[in-house]
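Coordinates in review
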Amino acid sequence: MVDRTQGKIGFCGETEQLRISSIGAHFGEEPPISGTNGSGTIFFTGCSLKCCFCQNYQISFDGMGNYYTSEEVENRIEKLIQSHGIHNVNFVTPDHFFPHTIEIVKILRNHGIRIPILYNTSGYQKIESVQMLKNYADIYMPDFKYADRQLAKLLSHAEDYPDQALVSLIEMVRQKGFLDSFIDNNTIATKGVLVRHLILPGQIQNSKDVLSMIFIEFGKDIPISLMSQYYPSARLMKENNADLQFLKRRIMLNEFEEVYEHALSLGFTNMLVQYPQDFISKKDQTEFSPDFSQDKPFKGNR
Ligand code: SF4
């Protein structure tokens, strides 16, 4: 652990100075989040988890991004509200810049802007950090990547991921409840928690165990987003570690079906599902590999 306020670089790759790789309206989030006008995504440079399969490796590992002040970010958000009517402000993997996000929210509120503030996190944060956000967050959209400690260690060097993720998720739900779009007949979300899980190739038992863990703690009504979009990144394809070779393919239909059937058997009622058939049929698979050297990193938004 280093003191980043003293100019040192943390595990995340960043000092205390705010760096951001992309700000824009994003239409690829879940429907209650992106809606029709888009979600105002702010991709922070660096990451405190650094998963070896990261699809945003240009920013999480390679440090692509520029310095911003909180005022400049707030100004860009105001412009997105004027140009697109974005439904929310979406802080993507902001964990290592939580104090800066709080400052941005304060400036937005001083300017009378009240659109929902969404924290789109890795799931791996301390409960104290989530408590710090209580008065500044409206929506939490955490990942729940692993139930398997050994897998968490292998892919993210975070053997305690399942414990940390569960404790912080309990705090998020305690603060905000479940995502309100499900209660309110699929309208745009304004408050609550939506948990995301990305199915990884060959790791079906981990996915099933994640779903079981969440079900046991929160019951069948917790909103879940089950994602099958995993695509091996260019960085991962160069990986020589024999233990990571299983990540060099997409998930197969039968893998998705096994996880999905498990979710259904548990009885989850508020599920958003990304069916792999939607991707397999697409000719242009690069759609799932954002390029943060572009003004608009996501093809669908260009
Ligand atoms: S937490 Fe998300 S952004 Fe960070 S390295 Fe893992 S996949 Fe990438």
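Check the entry above for the structure.
Residues numbered from 1 in each chain as written. Predicted model: local features only at pLDDT ≥ 70, side-chain atom pairs only at ≥ 80, totals over all residues.

1. Brief notes about the overall build of the chain
Counting secondary structure elements, the chain contains 12 helices and 10 strands. Here the C-alpha radius of gyration of the chain, 18 Å, is about what a compact globule of 302 residues would show, namely 19 Å. Expressed along its principal axes, the backbone C-alpha trace of the chain runs to roughly 50 × 45 × 40 Å. Taken across its 302 residues, the chain has 42% of its residues classed as buried. By sequence separation, contacts in the chain at least 24 residues apart represent 71% of the contacts at least 6 residues apart. (Helix = DSSP H or I, 4+ residues; strand = E, 2+ residues; numbered from the N terminus. Rg over C-alpha atoms; globule rule 2.2 N^0.38 Å. Buried ≥ 20, exposed ≤ 12 C-beta atoms within 10 Å, placed from the backbone. Contact = placed C-beta atoms within 7 Å.)

2. Quick notes on helix H3 (residues 70–84)
One turn of an α-helix holds 3.6 residues; hence residues three or four places apart share an orientation. Between the first and last C-alpha of H3 there are 21 Å, a value that for 15 residues agrees with the 21 Å anticipated at 1.5 Å per step. Residues of H3 that are buried include every one of Val-73, Glu-74, Ile-77 and Leu-80, and no others. Within H3, the buried residues cover an arc of 115° as seen down the axis, which keeps them to one side. Exposed and facing more than 90 degrees away from the buried side of H3 are Glu-71, Gln-82 and Ser-83. Of the surrounding elements, those touching the buried residues of H3 are strand S1 (19–26), strand S2 (39–44), strand S4 (89–92) and helix H4 (98–110). (Expected span 1.5 Å × (residues − 1). Arc of directions from axis to C-beta.)

3. Concerning the site of the ligand
Inspection of the region around the ligand gives Cys-47, Leu-49, Lys-50, Cys-51, Cys-54, Asn-56, Ser-60, Thr-93 and Ser-122 as its neighbouring residues. Residues of the shell around the ligand, tallied by class, amount to 4 nonpolar, 4 polar and 1 charged. (Near = placed C-beta within 6 Å. Nonpolar A, V, L, I, M, F, W, Y, C, P; charged D, E, K, R; others polar.)

4. Things to note about the pairing of S4
In summary, the side chains of a regular strand alternate between the two faces of the sheet. Of the two faces of S4, the one lined by Val-89 and Phe-91 and the one lined by Asn-90 and Val-92 are each fully buried. Bridging between S2 and S4 involves 4 bridges; their strand directions are parallel. Each residue of the ladder has a partner; that of Thr-41, found in S4, is Asn-90. Alignment of S4 against strand S5 (residues 117–120), held across 4 bridges, turns out to be parallel. (Pairing = 2+ DSSP bridges.)

5. Digging into the nonpolar core
Counting residues in hydrophobic clusters, the biggest one holds 71 residues, and the most contacted among them are Leu-118 and Val-195. Once residues within four sequence positions are removed from consideration, Leu-118 is found in contact with Ile-33, Asn-88, Val-89, Asn-90, Phe-91, Asp-138, Ile-139 and Met-141. (Core = buried A, V, L, I, M, F, W, Y, C linked by C-beta atoms within 7 Å.)

6. Let's talk about the packing of helix H9 (residues 204–218) against helix H11 (residues 253–266)
Direction vectors running N to C along H9 and H11 enclose 15°, while the axes themselves pass 9 Å from each other. Looking at the two axes, H9 sits roughly parallel to H11. The element H9 and its partner H11 pack so that their crossing is right-handed. Contacts between H9 and H11 involve Ile-204, Ser-207, Lys-208, Leu-211, Ser-212 and Phe-215 from the first element and Glu-255, Glu-258, Val-259, His-262, Ala-263 and Leu-266 from the second. (Axes fitted to C-alpha atoms, helices over the stretch in contact; angles between N-to-C directions. Parallel < 35°, antiparallel > 145°, perpendicular 65-115°, else oblique. Left-handed = near helix turned anticlockwise from the far one by under 90°.)

7. Looking at the sheet that holds strand S8 (residues 195–198)
Taken in spatial order, the 3 strands of this open sheet run S8-S9-S10, and their pairing is parallel. Every interior strand has two partners, whereas the edge strands, S8 and strand S10 (271–273), have only one. Looking at each pair of strands side by side, their axes are set apart by 15° on average, direction ignored. Each of strand S9 (224–227) and S10 is contacted by H11, which is oriented at about 165° to S9, the strand it contacts most.

8. Let's talk about the packing of H3 against H4
The contact between H3 and H4 brings their axes to 9 Å, and the two run at 55°. In this view, H3 runs oblique relative to H4, as classed from their interaxial angle. By crossing handedness, the relation of H3 to H4 is classed as right-handed. Facing H3, whose interface residues are Ser-70, Glu-71, Val-73, Glu-74 and Ile-77, H4 presents His-100, Glu-103, Ile-104, Ile-107 and Leu-108. Of the residues assigned to the contact of H3 with H4, the class counts are 5 nonpolar, 2 polar and 3 charged.

9. Looking at the pairing of S2
Of all 6 residues making up S2, 6 are buried, and the element is well covered by its neighbours. What you see with S2 is no split at all: Ser-39, Thr-41 and Phe-43 on one side and Gly-40, Ile-42 and Phe-44 on the other are buried throughout. In the sheet, S1 pairs with S2 via 6 bridges, with the strands oriented antiparallel. Looking at the pairing, His-26 lines up with Ser-39 of S2.

10. Here's the deal with unusual backbone geometry
Positive phi outside glycine occurs at Thr-93, with the angle close to 45°. Counting through the fold element by element, Thr-93 comes out in the loop between S4 and H4.

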